[in-house]
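# Descriptive structure summary
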Amino acid sequence: MGYLVKHIVSSLLLTVLFCLSLPSVYCAERAIPAGKLGETVVLGREISLNTAAHTLSKQYTGNVLNCSSCHLKNGTDLKNLTYVGVAAAYPAFSSRENAVVTLADRIAFCFMRSMNGLQPPPDSTLVTAIAAYITWLSEGTAIKMNPVEPNGPNAMRRLNVNPNTVDLVNGKKVYDAQCASCHAEDGQGVKTIQFPDASPGGCPPLWGANSYNKGAGMYKLQTAASFIKSSMPYAAANLSEKDAIDVAAYVNSKDRPDFDLKKHLLKSAPHAKVAD
Ligand code: HEC
Ligand code: HEC
């Protein structure tokens, strides 16, 4: 009897600890906080899912992507670019900016680079709501500021990439066989191919004027290859490391907007903590 009780208590405890370390999709739904805070979390979740169309965010975006085009399952997919735990790492040191940055700064960087848009005011409802959503997904994660890079405790696993062995001919072959059915042969995506757990824009563009710019994390070969290896083709990731690296290099060899920091900065009070 005593043994049974102990067993039940310890497995309950394990479940609770397990749930705390995982996003809500794996456990019972995380509770939305009461009142205004809960409304702000829900607003942030909606903006991150529907960034290109939402009235609070669309003036700060410069392409058709949503935050959740890359932060898959709206940041709850633990395999890559997850928001889960991220808030626990900030303020964090960023070598690119050579500064200690806040979660609000980090959100603004993705607006300026990944979304090819404009720096939103750090104290705006927009940034506060997205930060509230990310913080909500980070509840229960122990605070551990990151002195090395602005990344959370569940940051994406990186592949080892040697840029000298990249094969663009194989990259194109992989693209045509494994990516073009959703992202289209010309890389411009297909709006009408929708998935229930994906953001509402359909399959997003991978290059051209409506894609991320050359200042974005995804423009780095290692980042794109690691993301593609763990997540693409969507819901059926199966590429070898070599194919993931070659197709990432192929995608990033195509035209996309240049990044000129000055053009993306908040006009009224440019932020000090930014870098080319
Ligand atoms: C084109 C893909 C893409 C889009 C779109 C995008 N991001 Fe990101 N985001 C990234 C990449 C890549 C990183 C760097 C992750 C790393 O270094 O592991 C990142 C990092 C982040 C981080 C820091 C994560 C951490 O571990 O500390 C936050 C927060 C973030 N993005 C929020 C957003 C928000 C909010 C939006 C929408 C306004 C957005 N992102 C849009 C690709 C994207
Ligand atoms: C079955 C359809 C499908 C296939 C095949 C597919 N993707 Fe995707 N991909 C998506 C969807 C859908 C998203 C956006 C998810 C969301 O919005 O929630 C996405 C997002 C992306 C993104 C981040 C957003 C952006 O536009 O930059 C990249 C990069 C990407 N895919 C690359 C690839 C590559 C490379 C391949 C081939 C190896 C591939 N995908 C195959 C459906 C697909």
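Above this text you will find the structure in question.
Now for a look at the structure at hand. Computed from a prediction, not measured in an experiment: that's the story for all the values here. (Residues numbered from 1 in each chain as written. Chains lettered and ligands numbered in written order. Predicted model: local features only at pLDDT ≥ 70, side-chain atom pairs only at ≥ 80, totals over all residues.)

### Considering the overall build of the protein
- Assigned secondary structure in the protein consists of 9 helices and 2 strands.
- Ordered by position from the N terminus, the helices and strands of the protein form the series α-α-α-β-β-α-α-α-α-α-α.
- Residues classed as buried in the protein amount to 42% of the 276 residues present.
- Put simply, 66% of the contacts in the protein that link residues at least 6 apart link residues at least 24 apart. (Helix = DSSP H or I, 4+ residues; strand = E, 2+ residues; numbered from the N terminus. Buried ≥ 20, exposed ≤ 12 C-beta atoms within 10 Å, placed from the backbone. Contact = placed C-beta atoms within 7 Å.)

### Structural notes on the environment of valine 42
- Relative to the helices and strands, valine 42 is located in helix α2 (residues 35-49).
- Separated by 94 residues in the primary sequence, valine 42 and tryptophan 136 place their C-alpha atoms 9.8 Å from one another.

### Observations concerning the site of ligand 2
- With respect to spatial proximity, 28 residues lie near ligand 2, and among them Cys179, Cys182, Ala198, Pro233 and Tyr234 are the closest.
- When contributions to the shell around ligand 2 are tallied by element, the ones reaching two or more residues are α3 (67-70), α7 (180-183) and α9 (241-252).
- Partitioned by chemical class, the residues of the shell around ligand 2 number 20 nonpolar, 8 polar and no charged. (Near = placed C-beta within 6 Å. Nonpolar A, V, L, I, M, F, W, Y, C, P; charged D, E, K, R; others polar.)

### Things to note about the packing of helix α4 (residues 103-112) against helix α5 (residues 125-138)
- Where α4 contacts α5, the two axes come as close as 10 Å, and the packing angle between them is 110°. One way to sum up the angle between α4 and α5 is to call them roughly perpendicular. The segment α4 lies against α5, with Leu103, Ala104, Ile107 and Ala108 engaging Val127, Ile130, Ala131 and Ile134.
- Among the residues making up the contact of α4 with α5, the classes are represented as 8 nonpolar, no polar and no charged. (Axes fitted to C-alpha atoms, helices over the stretch in contact; angles between N-to-C directions. Parallel < 35°, antiparallel > 145°, perpendicular 65-115°, else oblique.)

### Here we look at α4
- Burial analysis of α4 places 8 of its 10 residues in the buried class, which makes it a mostly covered element.
- By the burial criterion, the buried members of α4 are Leu103, Asp105, Arg106, Ile107, Ala108, Phe109, Phe111 and Met112.
- Residues of α4 that are buried in the fold lie against β2 (99-101) and α5.

### Points about unusual backbone geometry
- Following tyrosine 90, the chain continues to proline 91 via a peptide bond in cis, the omega torsion being -5°.
- For proline 91, the position within the fold is in the loop between α3 and β1 (92-94).
- With an omega dihedral of -5°, the bond running from methionine 232 to proline 233 counts as a cis peptide bond.
- Phi at asparagine 116 takes a positive value of approximately 45°, unusual for a residue other than glycine.
- Locating asparagine 116 in the fold gives a position in the loop between α4 and α5.

### Quick notes on the nonpolar core
- If you look at the biggest cluster of nonpolar residues, it comprises 56 residues, and the most contacted ones within it are Ile130, Tyr133, Ile134, Ile228, Val247 and Ala248.
- Those elements that provide at least two residues to this core are α2, α4, α5, α6 (168-178), α8 (221-231) and α9.
- The biggest single contributor to this core is α5, with 10 residues.
- In this view, isoleucine 130 contacts Gly44, Ile47, Ser48 and Ile107; residues no more than four positions away in its chain are not counted. (Core = buried A, V, L, I, M, F, W, Y, C linked by C-beta atoms within 7 Å.)

### A closer look at the site of ligand 1
- Surrounding ligand 1, one finds 28 residues, the nearest of these being Cys67, Cys70, Cys110, Ser114 and Gly217.
- Of all elements in the fold, only α3, α4 and α5 reach the threshold of two or more residues within the shell around ligand 1.
- Ranked by residues supplied to the shell around ligand 1, first place goes to α4 with 4 residues.
- Its residues assigned to classes, the shell around ligand 1 comprises 18 nonpolar, 9 polar and 1 charged.
- Each of two domains, domain 1 (11-155) and domain 2 (163-252), supplies a minimum of three residues to the shell around ligand 1. (Domains from an automatic or database assignment.)

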